[in-house]
Each structure stands twice: as C-alpha cells, then as structure tokens.
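# Reading the structure
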Amino acid sequence: MASSTGITKRTVVVRTRAALRDALAAAPRPLGVVPTMGWLHAGHRSLMQRSRAADATTVVTIFVNPRQFGDPRDLEQYPRNEARDVAICEEEGVDLVFAPSVEEVYPLGFDTSIRVGAIAEPLEGTARPGHFDGVATVVAVLFNLVGAEHAYFGQKDAQQVLVVRQMARDLAIRTEVIACPTVREGDGLALSSRNVHLAPEERAAAPVLHRALTAARDAWAAGERSGDALRSRMREVLAGEPLANPDYVSVADLATLRELDRIDGPALLSLAVRLGSTRLIDNEPLP
Ligand code: PAF
C-alpha cells in the first residue's frame, strides 16, 4: 500500500487465530475481507480493489478448504502458489493475509457443520452434495475470526453468494456480503482458478459457456419469457461444441433459485459444463 510518504507498505501474512486477532486489534475500520482459496487472478484483484475503495483495512484469506471438496482428487489437484498470491495481494495494497493451516481452521475436536436450507439445494447443491455445507462452515469461521464489516464475493459463484448471505443472516453475523461482477477474459470465459486445468483445445472451447448464456439473454431481451425456451437455447449452443459436456442449464428465480416456467421478474440464467475433467460454471442475471 502506498503511504503518504510514498513508501510501499508490505502486506503482513499471519497464520494463526491468535496472530490474526493481534494484527486486527488496532486495525482502522471499516474492515473488508476477501475470502479466497488462493491461485489469485484478476477476479480476486477486482474484489480487493472494491474493498480498498470502501474499507480502511483489507484482509484476504487464503485457505483451500477440504470440507467443500467431494472428490479428494479435486482437492489434491487444486492449484496452489502462496508466494505468487501474496505478491498479488501486495500489488493490490492488501493490508493483511490470513493463510492458516487446516488444523488452525479446524482444530482438534472441531465438530460443527453448517447446513443452509433451500437455497443450497438446487444446482451446485445437487451436483456437489455437501459442497455448500463446507462453504458455509468455513465462511462462518472466517467471518467470526476476521469480524469485518464487509465481505466481497464474485458473482460468478452466484449460488455461493446467496448461501453465504443466508448463513450470515441466520447466524446474526454482522458482516455484509457484497457480490461483485464476474471478470471475464476477452473471449468471454469467466475467470476461475480451475481454468488452469484446461488443455489448449478445452480452453479454446470454453467460451461456449458465455455464448450459451448470451444467446439466452438475447432471446429474453427479444421478448422470450418461457423458461423452457431459454433452457433449450442454451442447450442448443452447447450442443454446437463437441468438447462441452453439459451438467445442467437453469433458468431460475434470482432470489430463490427455483426453476421458472415463465420469467416475470429477476431471474438467473446459469449452467455447469464439463470440458474433459474440468467442470466450469457461469451465470447471467436477468435483467
Ligand atoms: O469461492 C471460494 O473461493 C470459496 O468457496 C470460499 C468462499 C473462499 C470458501 O472456501
């Protein structure tokens, strides 16, 4: 962070709950937190920038949360590079990085799991059983440890935003959950830490997710209000890409994520698609 003397302030990295508490004791408020699993990219940078614009102190958490991975291979293969992540935080003027071990987040005897209700059931909740229990549990721990006024999440994980918001509201956690726009590559591919796993031909095929969403949004803008018609439009575009293996396409109510027959209010177009062994998700809110 550039101070009034022009000297760049280094990002402090802490790894324990106690060190985090000490580092935050005299931190200027308001405080913003950006929870991440590392392998930071421009999408994460945009969240840090939002916090830096609104908060006097910005904290980034870096923790690959084992409880939100169903498949142990997925957890093992999750990309990690802490030195690079900390350098990015430093460039963005982040004040503090909390990079705890698994034992620090889940100490011996930890025996609580948070299950959010209906909003966590469809879409990713169905495709990845237990995933949102892991997300809600770790985010509750992180929110309580950091005690921020604001937390910043990417809209790319639209259901995650709704699940975390519900959890924070129900558990009377006073951190406000702020959703920030999806950041995309020039060809429309939403930035994700998982993009690194795409083989060159899969990377070339990946913008089909955004093309499918755009085609459905264009149909909606032209007056189409049938949920089935918009789902078909997305499937049709995905079918044009031989490497794309759709998991689901959805046209749902933006607040409840219930599938819609007709679109009469705010809605969410979303999809999950496998390209080889990599599973990508993306979405487009309407209007
Ligand atoms: O979106 C993520 O990176 C993770 O799900 C989160 C919110 C950091 C919880 O582990």
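See the structure above.
So, here's what we can say about the structure.

Right, let's get into the site of the ligand. Inspection of the region around the ligand gives Pro35, Thr36, Met37, Asn65, Gln68, Val138, Phe153 and Gln160 as its neighbouring residues. Taking glutamine 68, its side chain carries an N or O atom lying 2.6 Å from an oxygen atom of the ligand. Here an oxygen atom of the ligand sits 2.7 Å away from a polar atom, N or O, in the side chain of glutamine 160. Look at the ligand: alone it shows 290 Å² of surface, and the protein chains cover 88% of it. Its residues placed into classes, the shell around the ligand shows four nonpolar, four polar and no charged.

Across all of its chains, the model carries four aromatic pairs by this definition. Taking the centre distance of 5.6 Å and the plane angle of 75° together, the rings of phenylalanine 69 and tyrosine 78 count as edge-to-face. As far as the burial class goes, phenylalanine 69 and tyrosine 78 line up, both buried. Within the aromatic cluster, the residues linked to one another by ring pairs are Phe63, Tyr106 and Phe110. The ring centre of tyrosine 106 lies 4.3 Å from the NZ or CZ of arginine 67, which sits over that ring. The side chain of arginine 84 reaches across the aromatic face of tryptophan 39, ending 4.8 Å from its centre.

About the criteria used
- Residues numbered from 1 in each chain as written.
- Predicted model: local features only at pLDDT ≥ 70, side-chain atom pairs only at ≥ 80, totals over all residues.
- Heavy atoms only, no water.
- Near = heavy atom within 4 Å.
- Polar contact = N/O pair within 3.5 Å; in protein donor to acceptor, adjacent residues only side chain to side chain.
- Areas by Shrake-Rupley, 256 points an atom, 1.4 Å probe, with all protein chains shown as cover.
- Nonpolar A, V, L, I, M, F, W, Y, C, P; charged D, E, K, R; others polar.
- Phe/Tyr/Trp six-rings, centres within 6.5 Å; stacked < 30°, edge-to-face > 60°.
- Buried < 20%, exposed > 50% of the residue type's maximum accessible area, 1.4 Å probe, protein only.
- Lys NZ or Arg CZ within 6 Å of the ring centre and 35° of its normal.

Just geometry here; none of it tells us what the structure is for.
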